[in-house]
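# Coordinate inspection notes
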Amino acid sequence: MTAQTRTYGQFCGVARAMELVGERWALLIVRDLVLGSKRYTELQAGLPKIPPSILSARLNELEKSGVVRRRVRPDLDANVVYELTEYGSELEHVLLDLGLWGARSLNGRDPEDVFTLDAAILSLYTTFQSDAADGVQATFEIRYHDTMTLHAMVDDGALKVAEGRLPDADLVIRADRGRVLLDVIGGQTSAAEAVRTGRIAIDGRLADLELFARLFRITAAPSPQEGIVVH
């Protein structure tokens, strides 16, 4: 059964959006294509728990819905890549807002949870505070246990994030795979405390880590209430 035949039977934009991209794994495929085109094997690597049959099915559904298209890349050995269409690219802001909303409820990380490069890059875009970055020029390099490195360049309210090292970055941050940085930008741990306890190591000034925590910010979700609320 395809996404086109599985409907909610409602004349509603939200219902239609769920019919197009609400199937399991669909939005994560879109997430991984927001940063650029990918081969099938690259999508598999970024979603290691998805069964190949489901990945193929979701790609076919997204293609039929006009969200994803296939394109030939003559410069690649496996020269077919998947990419978002113009219509699909309009989901970028939706994904960033949804990612920020969901990140507010991230708690302990299961050892089996995968933290990918694309997720790390998007986490910076989702938490970036452009208002706090007005007039700011700063560069950061972030290394996660030396297994993954990315960098962020802030230029007067604009942000660019990419894979790899950045020579002469104002600050190099060495952290575990995401949790400690989440605590710092979420306010659970101060920059000074994270460095003092060795949870984060830096090459550069503590003041630049404190700046990083202001530029990339997240607030925790409120605690759930039990029972009936009485006003």
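Residues numbered from 1 in each chain as written. Predicted model: local features only at pLDDT ≥ 70, side-chain atom pairs only at ≥ 80, totals over all residues. Heavy atoms only, no water.

## Focus: the packing of helix H2 (residues 26–34) against helix H6 (residues 92–103)
This is how the line gets drawn: Axis definition: a line fit to C-alpha positions, over the contact stretch in the case of helices; interaxial angles, taken between N-to-C directions, run 0 to 180 degrees. What counts as a helix is a DSSP run of H or I of at least four residues, what counts as a strand is a run of E of at least two, and both are numbered from the N terminus. Angles are sorted into four bins: roughly parallel if under 35 degrees, roughly antiparallel if over 145, roughly perpendicular if 65 to 115, and oblique for all others. In a left-handed crossing the near helix is turned counterclockwise from the far helix by less than a right angle, and in a right-handed crossing that turn is clockwise. The contact criterion used throughout is that any non-hydrogen atoms of two residues lie within 4.5 Å. The nonpolar class holds Ala, Val, Leu, Ile, Met, Phe, Trp, Tyr, Cys and Pro. Asp, Glu, Lys and Arg form the charged class, and all remaining residues, Gly among them, are polar.
Where H2 contacts H6, the two axes come as close as 10 Å, and the packing angle between them is 110°. With respect to each other, H2 and H6 are oriented roughly perpendicular. Viewed along their axes, H2 and H6 form a crossing whose handedness is left-handed. Residue-level contacts link Leu 27, Val 30, Arg 31 and Val 34 of H2 to Glu 92, Leu 95 and Leu 98 of H6. A breakdown of the residues in the contact of H2 with H6 according to their chemical character gives 5 nonpolar, no polar and 2 charged.

## A closer look at the packing of H2 against helix H4 (residues 52–64)
Remark: H2 packs on H4, axes separated minimally by 10 Å, with the N-to-C direction vectors making an angle of 75°. Put simply, H2 runs roughly perpendicular to H4. Here Ala 26, Ile 29 and Val 30 of H2 come into contact with H4, specifically with Leu 55, Arg 58, Leu 59 and Leu 62. Here the residues of the contact of H2 with H4 sort into 6 nonpolar, no polar and 1 charged.

## What about the layout of surface pockets?
We apply this condition: In the cavity and pocket records, a cavity denotes points on a 1 Å grid over the protein atoms alone where a 1.4 Å probe fits but cannot get out, a pocket denotes an open set with protein on both sides within 12 Å along at least 5 of 7 lines, and lining residues are residues with an atom within 4 Å of a point. Grid points are joined across faces, edges and corners, and a volume is the space filled by probe spheres set on the points.
Reported here for the largest pocket is a volume of approximately 1,400 Å³. At the level of elements, H2, H6, helix H7 (117–127) and helix H8 (179–185) are the ones that each hand at least two residues to the lining of the largest pocket.

## Remarks on H4
To be explicit about the condition: The span one expects for a helix is its residue count, reduced by one, times 1.5 Å. Here the term buried applies to any residue with accessible area under 20% of the maximum for its type, exposed to any over 50%, and partly exposed to those in between, with areas from a 1.4 Å probe on protein chains only. Arc definition: directions from the helix axis to the C-beta atoms.
Under the 1.5 Å per step criterion, the end-to-end length of H4 is 18 Å for 13 residues, consistent within 8% with the ideal 18 Å. Every buried residue of H4 is listed here: Leu 55, Arg 58, Leu 59, Glu 61 and Leu 62. Viewed end-on, H4 has its buried residues packed into an arc of 165°, placing them on one side of the element. Of the residues in H4, the exposed ones pointing more than 90 degrees away from the buried face are Ser 53 and Lys 64. The elements touched by buried residues of H4 are helix H1 (13–21), H2, helix H3 (40–46), strand S1 (68–72) and strand S2 (80–84).

## A look at the confidence of the model for the protein chain
For the record, the criterion: As a per-residue measure, pLDDT reflects the predictor's confidence and takes values from 0 up to 100.
Looking at the protein chain, pLDDT values average 91 and 95% of them are 70 or higher. Per-element confidence in the protein chain is highest for helix H5 (residues 86–89), whose mean pLDDT is 98, and lowest for H8, whose mean pLDDT is 87.

## Examining the pattern of salt bridges
Should the charged atoms of two oppositely charged side chains come close, the side chains can pair. Operational definition: Salt-bridge detection follows one rule: a side-chain nitrogen of Lys or Arg within 4 Å of a carboxyl oxygen of Asp or Glu.
Counting across every chain of the model gives 14 salt bridges. For the salt bridge of Arg 58 with Glu 61, the shortest nitrogen-to-oxygen distance reads 3.1 Å. Pair noted here: Arg 58 and Glu 61 are both in helix H4, with a separation of 3 residues, about one helical turn. Here Arg 58 matches Glu 61 in class, with each residue buried.

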